[in-house]
Amino acid sequence: MNKQFSHALSPIRVNRKFYKNRICVAPITPHSSSNGELYPNEAALEYFESRARTGAGMVWCAGAKFVDVFDDGEHCTWDTETFNHKNGLNMLAERIHAHGALAGMEAHGLTPGSWRQGPPITCSDGNRFMQSPPIGQEMTKEEIKRYVEAEAKMCANLQEVGFDAILFHFGHQIPIAQFLSPLSNHRTDEYGGSLENRCRICVEILDACREATHGRMIFEVRMSATEFSEDGYDVEEGIRIAEILQEHCDIIQASCGQVTEKYMTWTHPCQHMEDHPNLWLAEKFKKSGKIHVPVTAVGGLESLQAAEDAIAAGKCDFFAVARQLIADPKMIKKAIDGKADDVTPCIKCMRCHDSDCYAHIFRCAVNPTIGYETCAEKMFPAQPERLKNVAVIGGGPAGMKAAITAFDRGHKVTLFEAKDYLGGALDFSKYVEFKYALCRYKDFLIKQIRKRDIVVHMNTEVKPADLNGKFDAVIIAVGAEPVMLPVEGYDVSNGIIATSAYGHEGEIGDNIVIIGGGQVGCETALHLADMGKKVSIIEMQSGLCPEASKTCADEIRICLEENENFTPILGAACKKVEKHAVTYTQDGQDKTVEADTVILAAGMKPKSALADSFIMDCDVPEWYVVGDCVNARTVEQATAEAYNAAMEL
Ligand SMILES: Cc1cc2nc3c(=O)[nH]c(=O)nc-3n(C[C@H](O)[C@H](O)[C@H](O)COP(=O)(O)O)c2cc1C
Ligand code: SF4
């Protein structure tokens, strides 16, 4: 057995099934895994098989339905009843088993949509269905009975097609979890009121499913150990819930929070959360002395070492991980090979969640191959036809990713960077505590460049003619520059460009006005407000931070709203900028706000002219333009375009 990770990689038997280690792939179902089909399509098979290839001991799938679930057009609804749909599920289990992992399915706890007319059925009237507005209608006792029977039948069917385990989703305020919480359970019958009553439906589900599967499947309960909100339950009550449920299952998973704007970021820890921020909940469960079944921790795991430390310290027995294994499916294997430094870090940006929810293919900001499992190998030749001498112009995230990928394909790579540092637009992250994950990714790219035999010319403003006759291909990644609004006084004599404010916070006054409420403006505002400065944002739109992923945008907005140093000025068109004042028009009226310092954050625009000069004036036969110099966007596009260009060489 591996000595360095002797706890995280130690095998364990639970309910007669053998886990090869303690790492579980937390359920993430790309919503393209069904595309309306009632069985896992090839994308699903490939994706979940790729999860098993990570080396984890358990792969949790999510997507099987057992009632006519409220169809939100997002979630998979794999049928577990019909003969020629079940064989797809059998294939799914077997392709996971092929790699030595156990195959588990989440019973997602969504309630029926078509048993009754009207809004979806929830625990009590007026509850939310996932992130919907509060529209639920109360589940009747007859419906509870049908629901329990249907779930038991599904478990039996899944056992029959080869699944080893069921993850009962009783957390995050999704409909069945709502029964557990005083926040959402307003029932006056035997399913509401006391703690025992609130746990009743979960106990009935677990018992019925146990009976249907003859006690021979692993049952894990995913629950919110705390809901965090005032009217919900806290961790002490979470422990009491777990005490009841543990008598009916094999493992308790201590997740937390709710799928609402405010708490989503606890459930899916984002950039404002430290690494594995919810481990303390599993630890609380373990150290309470009241939980005798194994406990799984989940949320924000960044490395195998962190799982090892947690399990070795007795804080949890298993660690479930979703996004870090999306960002780098080889996290486990690289750590075992002593190459933990080569693990691509997840930047906790939730683009994966957005892409999954908004009818796009499944994407990851730092792993360009995720979501392409069925076609990645066909898209580019396994080897380049010819090895080339490649110039990469720009050492930002796109340039570095292109250089690394091209080098790894065997090309000779020279990188030119005009500044005295690598990192480009990500450089600011080193000054901001809550950008630590992004900073880690920047540093990772820099280290990967340094590890390779890539020739790097720093402080070198290369000209198109410098490349003539010396290279076979050029990848242009020259980045973006600030947009200068056509507004009187909007220039660097009156204000500081947002990205230049970082590292100079001491020179900035205590009363600040930021022009522009996009992600850069909002994050700059939060950074400075956190330091105790009074910050206002003037923004033309009615909302802030539209371009971040939904979870991150909600997180930033809520942090700003809760910060007493922050004032939003929305629906306001900037009219005039002076060194210590900004005039804007709002509701047809001109108003002026005074400031010690004005910060300019109206957005970024591609350095198109510079990029074009390398295309037009350079005698290099093959060229690609990637990242912000195509259009100023996020790491996701920079990474994907850089990777594609380097693979195309
Ligand atoms: C894209 C995406 C899809 C998810 N889908 C599900 C799901 O179908 N069921 C579920 O219980 N959790 C789902 N989750 C939550 C994860 O299982 C996990 O609890 C959460 O992401 C925290 O773990 P991590 O920080 O390791 O990603 C999803 C998370 C992401 C990012
Ligand atoms: S998209 Fe962002 S949050 Fe999701 S796995 Fe990739 S880096 Fe992590």
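Treat the numbers as computed from the prediction; the structure is a model and nothing was measured.

Asks: Explain the overall build of the chain residue by residue, including any values.
Replies: For the chain, the count of helices and strands is 21 helices and 29 strands. In terms of overall dimensions, the chain has C-alpha extents of about 75 × 65 × 45 Å along its principal axes. A burial count over the chain gives 61% of its 649 residues as buried. Once local pairs closer than 6 in sequence are excluded, the contacts in the chain between residues at least 24 apart make up 71%.

Asks: Got a sec to walk through the site of ligand 2? Specific residues and values, please.
Replies: Taken together, Arg 323, Ile 326, Cys 346, Ile 347, Lys 348, Cys 349, Met 350, Arg 351, Cys 352, Cys 364, Ala 365 and Val 366 form the complete shell of residues around ligand 2. Cavity membership is defined here by more than half of the atoms lying within 2 Å of grid points; on that basis ligand 2 lies in the largest cavity. Breaking the shell around ligand 2 down by element, the ones donating at least two residues are α10 (323–327) and α12 (351–357). Its residues assigned to classes, the shell around ligand 2 shows nine nonpolar, no polar and three charged.

Asks: Mind laying out the sheet that holds strand β29 (residues 622–625), listing which residues take part and the relevant values?
Replies: Strand order in this open sheet of five strands is β17-β16-β15-β18-β29, and the pairing throughout is parallel. With partners counted over all chains shown, the strands left at the sheet margins are β17 (455–457) and β29, one partner each. Going across the sheet, the axis of each strand differs from the next one's by a mean of 15°, ignoring polarity.

Asks: Give a detailed account of the domain arrangement of the chain, specifying residues and quantitative values.
Replies: For the chain, the assigned domains are domain 1 (16–345), domain 2 (381–481 + 606–648) and domain 3 (484–602). Placing the centre of domain 2 and that of domain 3 at their C-alpha centroids yields a distance of 31 Å. Contacts between the two partners involve five residues from domain 2, matched on the other side by eight residues from domain 3. Carbon and sulfur atoms make up 71% of the surface buried where domain 2 meets domain 3, a total of about 630 Å² over both sides.

Asks: Which residues make up the site of ligand 1, and what values go with them?
Replies: Looking at ligand 1, there are 21 residues lining it, with Pro 27, Glu 106, Arg 222, Gly 300 and Arg 323 nearest. A distance of 3.2 Å separates an oxygen atom of ligand 1 from a polar side-chain atom of His 169. Taking Gly 300, its main chain carries an N or O atom lying 2.6 Å from an oxygen atom of ligand 1.

Asks: Outline the sheet that holds strand β22 (residues 534–539), listing residues and values.
Replies: One open sheet accounts for five strands, arranged β20-β27-β21-β22-β23; its pairing is parallel. On the outer flanks of this sheet lie β20 (495–497) and β23 (566–570), each paired with one strand and no other. On average, each strand axis in the sheet is inclined to that of its neighbour by 25°, with strand direction left out of account. Judged from the four bridges that link them, strand β21 (residues 511–515) and strand β27 (residues 597–600) form a sheet pairing that is parallel. Of the residues in β27, the one forming a bridge with Ile 512 is Thr 597. Sheet strands touched by helix α18 (residues 519–530): β21, β22, β23 and β27. Its angle to β22, the strand with the most contacts, is close to 165°.

Asks: Talk me through the nonpolar core; I want residue IDs and the actual numbers.
Replies: Counting 184 residues, the largest nonpolar core has Tyr 19, Leu 92, Phe 163, Phe 168, Phe 170, Leu 245 and Phe 285 as its most contacted members. Of all hydrophobic cores here, the second largest spans 16 residues; its members include Val 487, Ile 538, Ile 569 and Cys 574.

Asks: Kindly report on the environment of Leu 195, identifying the contributing residues and their values.
Replies: Its location among the elements puts Leu 195 in helix α5 (residues 195–212). Residue classification places Leu 195 among the buried positions, given a relative accessible area of 13%. Taking C-alpha positions, Leu 195 is 7.4 Å from Ile 241, a pair spaced 46 residues apart along the chain. Excluding residues within four positions of it along the chain, Leu 195 makes contact with Glu 237, Arg 240, Ile 241 and Ile 244.

Asks: Lay out the packing of aromatic side chains in plain terms, naming residues and giving numbers.
Replies: Going through the model one piece at a time under the given rule, you end up with 12 aromatic pairs. Ring centres 5.9 Å apart and planes at 40° place the aromatic pair Phe 168 and Phe 170 in the tilted group. One aromatic cluster is present, formed by Tyr 47, Phe 48, Trp 78 and Phe 362 through successive ring pairs. The ring of Phe 318 has Arg 22 sitting right over it, with the charged end atom 5.8 Å from the ring centre. Sitting over the ring of Tyr 421, Lys 430 keeps its end group 5.6 Å from the ring centre.

Asks: So what's going on with the state of the cysteines? Residues and values would help.
Replies: Scanning all chains against the criterion turns up zero disulfides. Cysteine Cys 155 shares no disulfide, and the gap to the nearest cysteine sulfur, in Cys 209, comes to 3.5 Å. Since its relative accessible area comes to 0%, Cys 155 is described here as buried. Cys 364 supplies the cysteine sulfur nearest to Cys 375, a cysteine that is in no disulfide, at a spacing of 16 Å.

Asks: Please give an account of the layout of surface pockets that cites residues and values.
Replies: In this model, the second largest pocket occupies a volume close to 1400 Å³. Looking at the lining of the second largest pocket, the elements with two or more residues in it are α1 (42–53), α11 (331–336), α13 (376–379), α14 (397–408), α15 (436–451) and α21 (635–648). Looking at the lining of the second largest pocket residue by residue, the class counts come to 18 nonpolar, eight polar and 17 charged. Residues lining the lining of the second largest pocket come from more than one domain, with at least three contributed by each of domain 1 (16–345) and domain 2 (381–481 + 606–648).

Reading guide: rules and limits
- Residues numbered from 1 in each chain as written.
- Chains lettered and ligands numbered in written order.
- Predicted model: local features only at pLDDT ≥ 70, side-chain atom pairs only at ≥ 80, totals over all residues.
- Heavy atoms only, no water.
- Helix = DSSP H or I, 4+ residues; strand = E, 2+ residues; numbered from the N terminus.
- Buried < 20%, exposed > 50% of the residue type's maximum accessible area, 1.4 Å probe, protein only.
- Contact = heavy atoms within 4.5 Å.
- Near = heavy atom within 4 Å.
- 1 Å grid on protein atoms, 1.4 Å probe; cavity = no way out; pocket = protein on both sides within 12 Å on 5 of 7 lines; lining within 4 Å.
- Sits in = over half its atoms within 2 Å of the grid points.
- Nonpolar A, V, L, I, M, F, W, Y, C, P; charged D, E, K, R; others polar.
- Pairing = 2+ DSSP bridges.
- Axes fitted to C-alpha atoms, helices over the stretch in contact; angles between N-to-C directions.
- Domains from an automatic or database assignment.
- Buried area = accessible area lost by both parts, 1.4 Å probe.
- Polar contact = N/O pair within 3.5 Å; in protein donor to acceptor, adjacent residues only side chain to side chain.
- Core = buried A, V, L, I, M, F, W, Y, C linked by side-chain atoms within 4.5 Å.
- Phe/Tyr/Trp six-rings, centres within 6.5 Å; stacked < 30°, edge-to-face > 60°.
- Lys NZ or Arg CZ within 6 Å of the ring centre and 35° of its normal.
- Disulfide = S-S within 2.5 Å.
- Points joined across faces, edges and corners; volume = space filled by probe spheres on them.

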